[in-house]
Amino acid sequence: MESFRTLAANRDLGSSALLAEFIHLIQTADMNRIEPALLLMQAAFPVMAVWHFTEAFFYEHGLTRDTVADLTRIVRGGKRQVIARALEPLKQYRTFLTFSRSSIVEATLIKLNERVDRVICAKSLPASEGLALAQRLRGARISVLCVPDIELVNHVRDVDCVVLGADWLRKDDFINKFGTKMLVEQACTSGIPVYVLAEHFKMVNDQHPAEKAFCQEWVQGGKKTQIPIFEVVPKRKVVQYLTD
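No experiment lies behind these values; they were computed from the predicted model shown.

Following both chains from N to C, one finds helix α4 (residues 49-61) and helix α5 (residues 65-90) inclined at 140°, their axes separated by 11 Å at the closest point. In terms of axis orientation, α4 runs oblique to α5. α4 and α5 meet at a crossing whose hand is right-handed. Contacts from F53, T54, F57, F58 and H61 of α4 reach α5 at T67, V68, D70, L71, I74 and V75. Residues that form the contact of α4 with α5 fall into these classes: seven nonpolar, three polar and one charged.

Below, the structure written as structure tokens:
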């Protein structure tokens, strides 16, 4: 279970990347450890719909080596399809703004590569996952400006398009990192299109995370505090969900 505990403590990866790592681990794990490991991930990331999807999948199809393989194909195929679908509408743009670290957004921007003049992102405190995103994009020879979180909204008008990931989709809204709503509102005011890239299995309309799940305990200088990590963003202000 140590590998699963390490994964549950990870704050650098988005929900799609965490699910991919989880699936990689369960392919060789003792079958009796998979259910406790899933509960561990649900407790660590209650605002990520991928764990509700995974639980529902195994509940419906059973937990066997074959269903683990089926889940693997669904997850990998879903990511490929989202990226493929996103390329067509996004190829008309040259400059992008994104927030936090979505593995699908990252992969899509790298696929676009030569069409991308610049990406503006934020450090994404408290885990600073935006720095990892910037490093990956620069490794693909994409020009990146990584700014403090508080400054990102000031750069919305400097780009052609805002492209975001999501941890949870619903018909009328989506959940992403705290600060996303302000970016989307500024984009709408400025006439900048906004796209949300996410797999269909993040669409969970009949449930919603508890309010307390939107905050996390953070320790700094020996002091514990609850800080907002996620927020709900109305879909009406988003041009399009791009899903598989």
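This part takes up the pattern of salt bridges. Under the definition given, this model contains nine salt bridges. Across the pair R73 and D70 runs a salt bridge whose closest N-O atoms are separated by 2.2 Å. Of the two residues, R73 and D70 both sit in helix α5, three residues apart, roughly one turn of that helix. Relative accessible area serves as the criterion here: at 31%, D70 is assigned to the partly exposed category. Here E129 and K177 are joined by a salt bridge, their closest N and O atoms 2.8 Å apart. You can see E129 sitting in helix α7 (residues 129-139) and its partner K177 sitting in strand β6 (residues 173-177), a full 48 residues away along the chain. For the pair E129 and K177, a shared accessibility class is recorded, and that class is buried.

Before going further, it helps to spend a moment on the sheet that holds β6. Judged by pairing direction, the sheet is antiparallel, and its three strands sit side by side in the order β5-β6-β10 without closing on themselves. Pairing within the sheet leaves two strands with one partner each, and these edge strands are β5 (168-169) and β10 (230-234). Relative to β6, β5 runs antiparallel, the two sharing two bridges. In the strand pairing of β6, W168 is matched with I175.

Each aromatic ring pair is described using two quantities: the centre-to-centre distance and the angle formed by the ring planes. On inspection of all chains with the given rule, the structure shows eight aromatic pairs. Ring centres of F22 and W51 lie 5.4 Å apart, and the angle between their planes is 80°; this geometry places the pair in the edge-to-face category. Placement of the pair is F22 in helix α2 (residues 15-26) and W51 in helix α4, with a sequence separation of 29 residues. Assigned by exposure class, F22 and W51 land together as buried. Ring geometry for Y93 versus Y195: centroids 6.1 Å apart, planes at 55°, classification tilted.

Inspection of the secondary structure puts F57 in helix α4. In this structure the C-alpha to C-alpha distance between F57 and T67, which are ten residues apart in sequence, comes to 8.6 Å. Excluding anything up to four places from it in sequence, F57 contacts G62, T67, D70, L71 and I74.

Another aspect to go through is the sheet that holds strand β11 (residues 240-242). With parallel pairing, the six strands of this open sheet are ordered in space as β3-β2-β1-β4-β7-β11. Only two strands of the sheet have a single partner each, and these edge strands are β3 (144-147) and β11. Each neighbouring strand pair of the sheet contributes to a mean axis angle of 25°, computed without reference to strand direction. In this structure, strand β4 (residues 161-164) lies alongside strand β7 (residues 194-197), joined through three bridges in parallel fashion. Residue V162 lies in a different strand from β7, and its bridge partner there is V194. Its contacts with the sheet put α5 on β1 (95-97), β4, β7 and β11, and the angle it makes with β11 is roughly 140°. Those strands touched by helix α9 (residues 180-190) are β1, β4 and β7, and its axis lies near 155° from that of β4.

Cut-off values and rules
Residues numbered from 1 in each chain as written. Predicted model: local features only at pLDDT ≥ 70, side-chain atom pairs only at ≥ 80, totals over all residues. Heavy atoms only, no water. Axes fitted to C-alpha atoms, helices over the stretch in contact; angles between N-to-C directions. Helix = DSSP H or I, 4+ residues; strand = E, 2+ residues; numbered from the N terminus. Parallel < 35°, antiparallel > 145°, perpendicular 65-115°, else oblique. Left-handed = near helix turned anticlockwise from the far one by under 90°. Contact = heavy atoms within 4.5 Å. Nonpolar A, V, L, I, M, F, W, Y, C, P; charged D, E, K, R; others polar. Salt bridge = Lys/Arg side-chain N within 4 Å of Asp/Glu carboxyl O. Buried < 20%, exposed > 50% of the residue type's maximum accessible area, 1.4 Å probe, protein only. Pairing = 2+ DSSP bridges. Phe/Tyr/Trp six-rings, centres within 6.5 Å; stacked < 30°, edge-to-face > 60°.

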